[in-house]
Amino acid sequence: MKISIRGRVAYGICCLENAMLRYGISGEGWNMLLRRMWEYTTLSGALDEKLMMLGLEKWSNLLYFLPDEEYFYQRDYAKFIQSITFPDQTFLYPEEPPTKEVFETLCDSYQAHDHETIKKLCRSIFDIGADELCAGIDQVSLVTLDELQKLLDIMYAEKIPMPEVEPFRQYIFHPSWDYVVHGWGEQFDGTKYSKFIGEGK
């Protein structure tokens, strides 16, 4: 598949949204999660000179929001902050974690719709986006294709309708070693494909 990693992530999110529709899952916390996920399509692959990191590495912050984390079901904000803080009081990932208000909103939504398939799909999407952030991307990024296949296997097993692939073929995997686009492809606003937020709503 010659679709960029951004395109693969976007397709995965569309799969997740189809699953959410299938299982009747919605709520402001879920919309917060989706907005965070869709940011992947617009984050830069260029190096930030100040932080010495790719703009895309902000994607790691999505781990603060994934619904398979136990702290959302324990509703313990202090324990959540402790779990993502190093001994020197810095956070695990480059952005600030959710505020207590956001945390409570996520708790409400995740507890209202606690679904194992949705949790697995969310984790797969994160893995597709994160797997190449700390490694050299090969000519096709097999690791992200493998993660995408795991996601598709879940969709097939649960008989969830698949999104059309055709719109994503325009987002090309660039094999050159220009880190602005290499593998991740050009930036685009993926929310136009969303059924929950942004243009596509």
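The structure under discussion appears in the preceding block.
Note on numbering: residues in each chain are counted from 1, in written sequence order. A pLDDT threshold of at least 70 governs which residues receive local features in this predicted model, and a stricter bar of 80 or more applies before side-chain atom pairs are shown or counted, although totals over entire chains, interfaces and linings include all residues. Hydrogens are left out, water is left out, and the side-chain values use all remaining heavy atoms of the structure.

(A) Structural detail: the packing of aromatic side chains. Within 6.5 Å between ring centres, the rings of Phe, Tyr and Trp (the latter by its six-membered ring) count as paired, and their orientation is classed by plane angle as stacked under 30 degrees, edge-to-face over 60, tilted in between. Evaluation of the coordinates by the stated rule reveals 16 aromatic pairs. With 6.2 Å between their ring centres and 10 degrees between their planes, Trp59 and Phe126 make a pair best called stacked. Taken together, the positions of Trp59 in the loop between β2 (53-54) and α3 (71-74) and Phe126 in helix α6 (residues 116-130) put the pair 67 residues apart, joining distant regions of the chain. Exposure categories follow from relative accessible area, calculated using a 1.4 Å probe and restricted to protein chains: below 20% of the type maximum is buried, above 50% is exposed, and the middle band is partly exposed. The exposure class assigned to Trp59 is buried, which follows from its relative accessible area of 2%. By the criteria applied, helices consist of DSSP H or I runs no shorter than four residues and strands consist of E runs no shorter than two, each listed in order from the N terminus.

(B) Structural view of the side chain of Glu147. The topology assignment puts Glu147 in helix α7 (residues 142-157). In this structure Glu147 touches Asp127, Ile128 and Asp131, once residues within four positions along its chain are discounted. Any two residues whose heavy atoms approach within 4.5 Å are treated as being in contact.

(C) Fine view of the packing of helix α1 (residues 5-23) against α7. Note on definitions: angles span 0 to 180 degrees between N-to-C directions of axes, and those axes are lines fitted to C-alpha atoms, for helices only across the stretch in contact. At their nearest, the axes of α1 and α7 sit 11 Å apart, and the two run at 15 degrees to each other. Classified by the angle between their axes, α1 and α7 sit roughly parallel to one another. In the packing of α1 onto α7, the handedness of the crossing is left-handed. Across from Ile5, Arg8, Tyr11, Gly12, Cys15 and Asn18 in α1, the residues of α7 making contact are Thr144, Leu145, Leu148, Leu151, Leu152 and Met155. Note that Gly is not counted as nonpolar here; it falls among the polar residues with everything else outside the nonpolar set of Ala, Val, Leu, Ile, Met, Phe, Trp, Tyr, Cys and Pro and the charged set of Asp, Glu, Lys and Arg. Split by residue class, the contact of α1 with α7 holds eight nonpolar, three polar and one charged. Roughly parallel covers angles under 35 degrees, roughly antiparallel covers those over 145, roughly perpendicular covers 65 to 115, and oblique covers all other angles. For any pair of crossing helices, the crossing counts as left-handed if the nearer helix is rotated counterclockwise from the farther one by less than a right angle, and right-handed if it is rotated clockwise.

(D) Fine view of the nonpolar core. Membership of the largest hydrophobic core comes to 58 residues, with the highest contact counts inside it found for Leu16, Leu33, Leu34, Met37 and Trp59. Contributions of two or more residues to this core are made by α1, α2 (28-38), α3, α5 (100-112), α6 and α7. Once residues lying within four places of it in the same chain are set aside, the contact partners of Met37 are Ile13, Leu16, Trp59, Leu62, Leu66, Cys122 and Ile125. We define a nonpolar core as any set of buried Ala, Val, Leu, Ile, Met, Phe, Trp, Tyr and Cys residues linked to one another through side-chain atoms lying within 4.5 Å.

(E) Quick peek at the environment of Thr191. Examined against the element boundaries, Thr191 turns out to sit in the segment after α7. It is 8.6 Å that separates the C-alpha atoms of Thr191 and Thr41, two residues lying 150 residues apart in sequence.

(F) Seen up close, the packing of α6 against α7. In contact at an axis separation of 9 Å, α6 and α7 are set at 165 degrees when each is read in the N-to-C sense. Taken together, the axes of α6 and α7 lie roughly antiparallel to each other. Taken as a pair, α6 and α7 cross one another with a handedness that is left-handed. Facing α6, whose interface residues are Thr117, Lys120, Leu121, Ser124, Ile125, Asp127 and Ile128, α7 presents Thr144, Glu147, Leu148, Leu151, Ile154 and Met155. Among the residues forming the contact of α6 with α7, the class breakdown is seven nonpolar, three polar and three charged.

By themselves these figures say nothing about function.
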